[in-house]
Amino acid sequence: GFREVFVVVNRSLAPAMGQYLAETYPLDAASAASHDPLNTTLLSVHDDIGTADALREISHHISSDFLVISSDLVTDGETEMLAPLIAQHMNTAATLTVLLAEPHCSPSHNSSKDSG
């Protein structure tokens, strides 16, 4: 399972995110004493950079396989779909595994195709 979580945010958001994490996920005595606690670290990167550049900035923190979940991922909590994807990645010794989906566009985004 996962033992470490890096929450990566723009530098301008780091103070607010740090406060949110401390208030929402306080490390209590039971968590600290568990045999396999989850270590959460807040990391900040330059503002207005993409995912690849953010990974480059924090690369010295990454020492093994990792999972990137972008903040714009919207889910209804059904993260069970990630388990088979992670298992396939590990079993095949893949360098990179990507989960993609078709974008959901509103009818207004498609109006340019119809007006020709």
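Basis of the calculations
Residues numbered from 1 in each chain as written. Predicted model: local features only at pLDDT ≥ 70, side-chain atom pairs only at ≥ 80, totals over all residues. Heavy atoms only, no water. Helix = DSSP H or I, 4+ residues; strand = E, 2+ residues; numbered from the N terminus. Contact = heavy atoms within 4.5 Å. Areas by Shrake-Rupley, 256 points an atom, 1.4 Å probe, with all protein chains shown as cover. Buried < 20%, exposed > 50% of the residue type's maximum accessible area, 1.4 Å probe, protein only. Patch = residues over 30% accessible without salt bridge, like charges linked within 9 Å, V, L, I, M, F, W, Y side chains within 5 Å. Salt bridge = Lys/Arg side-chain N within 4 Å of Asp/Glu carboxyl O. pLDDT = per-residue confidence, 0-100.

**Q** Could you give an account of the overall build of the protein, with specific residues and numbers?
**A** Scanning the protein from terminus to terminus reveals five helices and two strands. When contacts within the protein are restricted to residue pairs at least 6 apart in sequence, long-range pairs at least 24 apart make up 62% of them. Approximately 9,700 Å² of the protein is accessible, and the part contributed by carbon and sulfur atoms is 56%.

**Q** Outline the side chain of His89, supporting the account with residue identities and numerical values.
**A** With respect to the helices, strands and loops of the structure, His89 is situated in helix 4 (residues 82–92). Classification of His89 by relative accessible area gives buried; the value is 15%. Here His89 is in contact with Asp65, Ala94, Thr95, Leu96 and Thr97, once residues within four sequence places are set aside.

**Q** Which residues make up a nonpolar patch on the surface, and what values go with them?
**A** Taken together, Phe2, Leu38, Leu67 and Ile69 make up a surface patch of nonpolar side chains, about 390 Å² in accessible area. Within the secondary structure layout, Phe2 lies in the segment before strand 1 (4–10). Looking at Phe2, the relative accessible area reads 51%, which means it is exposed.

**Q** Which residues make up the environment of Leu99, and what are the values?
**A** Inspection of the secondary structure assignment puts Leu99 in the loop between helix 4 and helix 5 (111–114). Taking the C-alpha atoms as reference, Leu99 lies 8.9 Å from Leu82; in sequence the two are 17 residues apart.

**Q** Give me the confidence of the model for the protein: which residues, what numbers.
**A** When pLDDT is averaged across the protein, the result is 78; 73% of the residues are at 70 or more. Per-residue pLDDT, averaged within each element of the protein, yields its smallest value for helix 5 (50) and its largest for helix 3 (residues 51–58) (93).

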